[in-house]
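Here's the letter readout for the chains.
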Amino acid sequence: MSRKQDRVPRQMRLLQVLETGGGGSGRHFVDLCRGLTAHGHAVHAIYSPLRAETRFVEELQALGLAGLHTVAMTRAPGPSDLRAWRAIRAVMRSAGPFDVIHAHSSKAGALARLRLPGRHVPRVYTPHAFYTMDPGLGTLGRRVYGSIEKLLARTLTDRVICVSADEYAHARALGMPRKKLSIVVNGVETPPADSRATVRQALDIPMDALLFGFVGRLCHQKAPERLVAAFVRVAERVPHAHLLMIGTGDMEAEVRRQVAASGQGTRIHLTTGFTGVEAMAAIDVLTMPSRYEAMSYVMLEGAAAGKPLILTDVGGVSTVLKDGENGILLKNADDPEALADAMLRLSEPGHLARHTAAALTRAHSPEYRLDRMVCETEAIYRSLIA
């Protein structure tokens, strides 16, 4: 064998595990599986069908993975976790052996890392925002869940991949050892720029409307109710303002009731007919009032598309947002007045034009690139099996 052949990295057999099946963690999961497959690795994926979004499943199925497996995993802890753990172990035995097992988010992270004695297979964990980052969790909740995360990281994990410096700092504050931690910032492809008319026409949004956009799960973390309350205040003063909300989740019924009671139902468009990437060109200002994040995919996609941003001061925001230049940074609070004020500021044509111009100049940062994320993750795997 030649020296050149000796230097060719060997194919790895990889198992990726996720419970949520949508949102930013789902986007990361699909992109990582696709990128690793393109690099020549044999990638198997386990997901739970219980909360999996249709588009997420369709994208996974289209990747041509070495193996695609379903294991019913519930979001909340419960008796079914033992059955799910056994099912995951069964996949590991029947489809393995694997070089690396990579679990994503808290439930899959716990189930895939718990193991019996035997051959050691490196375990990698990406939290996609520790549950303990939620400011509303309370002292007892942070202590309990933080202790579990620290124990798993110290005893059953070879590497924890944080997706932002803020998430890394949180992991250190929980007591996770520095040697177990790495940072790999999420990466995205630049959203298409030619879908503005298509999206607006499909949703009956006037072409000259000022469109604020939200993309994400309708859940406590993403705080969609903050945005609806703020938009009602904006709509009273800006007749051409509209709000596009893309997503679904356990707060959907509550959000729909809030929209119906707002009197602005014709100007608030709630849909799952487009992804955030597909709709980004139609949005004028991306507005994400999350209560906590590690590194929001939607934020990165908005930045890559050159959109002005209105964001709460949560994990990873400093990566893309310079307050007062390409967007507005808000205190993380439930009072909608500050959010409404920020939206009103960017409703003024001069402010919007300046912020848009600044956002466009920052739109092609290499930090946002998807291929960088895949390569850095791959390098971590190789370091663990060397």
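In short, a report on the structure.

**Some words on the side chain of Gln264**
Line of reasoning, step 1. Relative to the helices and strands, Gln264 is located in the loop between α10 (252-262) and β10 (268-271).
Line of reasoning, step 2. Not counting chain neighbours up to four residues away, the residues in contact with Gln264 comprise Ala235 and Val259.

**Concerning the packing of aromatic side chains**
Line of reasoning, step 1. Under the counting rule described, the total for this entry stands at 3 aromatic pairs.
Line of reasoning, step 2. The interplanar angle of 80 degrees and the centroid separation of 5.9 Å between the aromatic rings of Tyr47 and Phe56 together place this pair among those described as edge-to-face. The two residues Tyr47 and Phe56 agree in class, both being buried.
Line of reasoning, step 3. Taken together, a centroid distance of 4.8 Å and an interplanar angle of 85 degrees make the contact between Tyr131 and Tyr145 edge-to-face. Here Tyr131 is found in the loop between β5 (123-126) and α6 (139-156), whereas its partner Tyr145 is found in helix α6, with 14 residues between them in sequence.
Line of reasoning, step 4. Relative accessible area serves as the criterion here: at 35%, Tyr145 is assigned to the partly exposed category.
Line of reasoning, step 5. Among the aromatic residues, ring-to-ring pairing joins Phe29, Tyr47 and Phe56 into one connected group.
Line of reasoning, step 6. Over the face of the ring belonging to Tyr125 we find Arg113, whose NZ or CZ atom lies 3.7 Å from the ring centre.

**Some words on the environment of Ala223**
Line of reasoning, step 1. Summarising the element assignment, Ala223 is placed in the loop between β8 (210-215) and α9 (224-235).
Line of reasoning, step 2. For Ala223, a relative accessible area of 0% gives the class buried.
Line of reasoning, step 3. With 67 residues separating them in the primary sequence, Ala223 and Ser290 have C-alpha atoms 5.3 Å apart.
Line of reasoning, step 4. Filtering out sequence-adjacent residues up to four positions away, Ala223 remains in contact with Pro289 and Arg291.

**Focus: the sheet that holds strand β7 (residues 181-183)**
Line of reasoning, step 1. Strand order in this open sheet of 7 strands is β3-β2-β1-β4-β5-β6-β7, and the pairing throughout is parallel. At either margin of the open sheet sits one strand with a lone partner, and together these are β3 (67-70) and β7. Taking the axes of each pair of neighbouring strands and ignoring which way they run, one obtains an average angle of 20 degrees across the sheet.
Line of reasoning, step 2. Each of β6 (159-162) and β7 is contacted by helix α7 (residues 165-173), which is oriented at about 165 degrees to β7, the strand it contacts most.

**Brief notes about the sheet that holds β8**
Line of reasoning, step 1. The strand order across the open sheet built from 6 strands is β10-β9-β8-β11-β12-β13, with neighbouring strands paired in parallel fashion. Since the sheet does not close on itself, it has two edges, and those belong to β10 and β13 (327-330), each with one partner. Strand-to-strand twist in this sheet, taken as the mean axis angle between neighbours without regard to direction, amounts to 20 degrees.
Line of reasoning, step 2. With 4 bridges joining them, strand β12 (residues 309-312) and β13 adopt parallel strand pairing. Paired with Leu309 across the two strands is Gly327, which belongs to β13.
Line of reasoning, step 3. Strand contacts of helix α13 (residues 336-347): β8, β11 (285-288), β12 and β13, with the helix running at about 170 degrees to β13, the strand carrying the most contacts.

Here is what the cut-offs are and how they apply
- Residues numbered from 1 in each chain as written.
- Predicted model: local features only at pLDDT ≥ 70, side-chain atom pairs only at ≥ 80, totals over all residues.
- Heavy atoms only, no water.
- Helix = DSSP H or I, 4+ residues; strand = E, 2+ residues; numbered from the N terminus.
- Contact = heavy atoms within 4.5 Å.
- Phe/Tyr/Trp six-rings, centres within 6.5 Å; stacked < 30°, edge-to-face > 60°.
- Buried < 20%, exposed > 50% of the residue type's maximum accessible area, 1.4 Å probe, protein only.
- Lys NZ or Arg CZ within 6 Å of the ring centre and 35° of its normal.
- Pairing = 2+ DSSP bridges.
- Axes fitted to C-alpha atoms, helices over the stretch in contact; angles between N-to-C directions.

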